[in-house]
Amino acid sequence: MGTRRCWLVDMDGVLVHEDTPMPGADRFVAALRERETPFMVLTNNSLYTPRDLSARLRRVGLDIPGQAIWTSALATARFLEDQRPGGLAFVIGEAGLTTALHEAGYTLTDRDPDYVVLGETRSYSFQRLTRAIRLVMGGARFIATNPDTIGPAPGGPLPATGSLAALISRASGVEPYFVGKPNPLMMRSALNALDAHSGNATIVGDRMDTDVIAGIESGLETILVLSGVTTREMAERFPYRASRVVDSVVDLVAEGAAEGG
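Basis of the calculations
- Residues numbered from 1 in each chain as written.
- Predicted model: local features only at pLDDT ≥ 70, side-chain atom pairs only at ≥ 80, totals over all residues.
- Heavy atoms only, no water.
- Helix = DSSP H or I, 4+ residues; strand = E, 2+ residues; numbered from the N terminus.
- Buried < 20%, exposed > 50% of the residue type's maximum accessible area, 1.4 Å probe, protein only.
- Areas by Shrake-Rupley, 256 points an atom, 1.4 Å probe, with all protein chains shown as cover.
- Lys, Arg positive; Asp, Glu negative; His and termini not counted.
- Charge placed at Lys NZ, Arg CZ, Asp CG, Glu CD.
- Salt bridge = Lys/Arg side-chain N within 4 Å of Asp/Glu carboxyl O.
- Pairing = 2+ DSSP bridges.
- Contact = heavy atoms within 4.5 Å.
- Polar contact = N/O pair within 3.5 Å; in protein donor to acceptor, adjacent residues only side chain to side chain.
- Axes fitted to C-alpha atoms, helices over the stretch in contact; angles between N-to-C directions.
- Parallel < 35°, antiparallel > 145°, perpendicular 65-115°, else oblique.
- Nonpolar A, V, L, I, M, F, W, Y, C, P; charged D, E, K, R; others polar.

## Digging into the overall build of the protein
- Scanning the protein from N- to C-terminus turns up ten helices and 15 strands.
- Dimensions of the protein along its principal axes, counting C-alpha atoms only, are 55 × 40 × 35 Å.
- Relative to its 261 residues, the protein shows a buried fraction of 51%.
- For the protein, the exposed surface amounts to about 12200 Å²; the carbon and sulfur share of it is 50%.
- Side-chain charges of the protein comprise 25 positive and 31 negative groups, with the mean position of each set lying 4 Å from the other.

Encoded structure:
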């Protein structure tokens, strides 16, 4: 029996736009699950736990179990667990990040942490930002879940982790290490969670500068979908190309590309 092809599928712009499912996304996910194709849904957003995201996706008709969702918070926790097991972290973030770090054996503290870990949050506290800056200046290592500067919301764009990281960097003079896309580490940790190999994996994404470049640098087949932010014309301007370009995940169902073989 040959090794089955596995799929890494970006969430925003591929399966959903904010809280609205993309046309055909339900059929694509159903095809993956019916054929028992190994897959992970990826998101750079570190706000929510996989269980929370699974419930949100189910509400819009996408049946994706929590264990098939890989977030930048999980990738960050896995990275820190490998780097410094049982460490201490000062965290600015929500349940997605704090839960992942707790489950990785980390203790959250504001006194002498090994790391300052920054993720998405909906309520920035000036006091906690000040504490983060002072800790980084005092020698704590600075980690951020992802470099995205803005994120989508129904009322318009919101500042995301990269914007807040810039503030801390500007004040402290220290740049963070970003774990999420386009860092290939995000892909590799998702593949490890699937117990899969890059040579037999495909990444489906809507951005050349995160999904496609991370896929190329990780040795994956890359499929760009035009249902998100990137147009065909924009894609042509990059110095690298996706393996394939399709209009949406509907095309992947129609040609049986989700068969896992």
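## Let's talk about unusual backbone geometry
- The amide bond that connects lysine 181 to the next residue, proline 182, takes the cis arrangement and shows omega of 10°.
- By the secondary structure assignment, proline 182 is in the loop between strand 12 (177-178) and helix 7 (184-194).
- For glutamate 36, which is not glycine, the phi torsion reads 55° and is therefore positive.
- Within the element layout of this structure, glutamate 36 appears in the loop between helix 1 (25-34) and strand 4 (39-43).
- Relative accessible area serves as the criterion here: at 65%, glutamate 36 is assigned to the exposed category.
- One non-glycine residue with positive phi stands out, namely aspartate 112, at about 50°.
- Note that aspartate 112 resides in the loop between strand 7 (107-108) and strand 8 (115-118).
- What makes aspartate 112 exposed here is its relative accessible area of 68%.

## Observations concerning the pattern of salt bridges
- With the rule as written, the count across this model stands at eleven salt bridges.
- Of the charged contacts in the structure, one is a salt bridge between lysine 181 and aspartate 10, with a shortest N-O distance of 2.6 Å. Of the two residues, lysine 181 is situated in the loop between strand 12 and helix 7 and aspartate 10 in strand 1 (residues 6-10); the sequence distance between them amounts to 171 residues.
- Look at lysine 181 and you get buried, because its relative accessible area is 3%.
- Assessed through its relative accessible area of 5%, aspartate 10 is described here as buried.
- Arginine 207 is the partner of aspartate 209 in a salt bridge, and the nearest nitrogen-oxygen pair spans 3.0 Å.
- Ionic contacts of the salt-bridge type, sharing partners, join the residues Arg5, Glu221 and Arg244 into one network.

## Looking at the sheet that holds strand 9 (residues 141-144)
- If you walk across this open sheet you meet the five strands as 7-6-8-9-12, and the pairing is parallel. One side of each edge strand has no neighbouring strand; the edge strands of this open sheet are strand 7 and strand 12.
- The pairing of strand 6 (residues 88-92) with strand 8 spans four bridges and is classified as parallel. For valine 91, the partnering residue across the bridge sits in strand 8 and is valine 117.

## Focus: helix 7
- Those residues of helix 7 not exposed but buried are Pro184, Met186, Met187, Ser189, Ala190 and Leu191.
- Where helix 7 is buried, its residues touch strand 1, strand 4, strand 5 (69-71), helix 3 (72-83), strand 13 (201-205) and helix 8 (208-218).
- Its side-chain oxygen placed 2.9 Å from the backbone nitrogen of leucine 185, asparagine 183 serves as the N-cap of helix 7.

## As for the packing of helix 3 against helix 7
- Orientation of helix 3 relative to helix 7, taken along the N-to-C sense of each, is 85°, at an axis distance of 10 Å. In terms of orientation, helix 3 and helix 7 fall into the roughly perpendicular class. Each of Ser72, Ala75, Arg78 and Phe79 in helix 3 lies in contact with helix 7, whose residues at this interface are Leu185, Met186, Ser189, Asn192 and Ala193.
- The residue inventory of the contact of helix 3 with helix 7, partitioned by class, reads five nonpolar, three polar and one charged.

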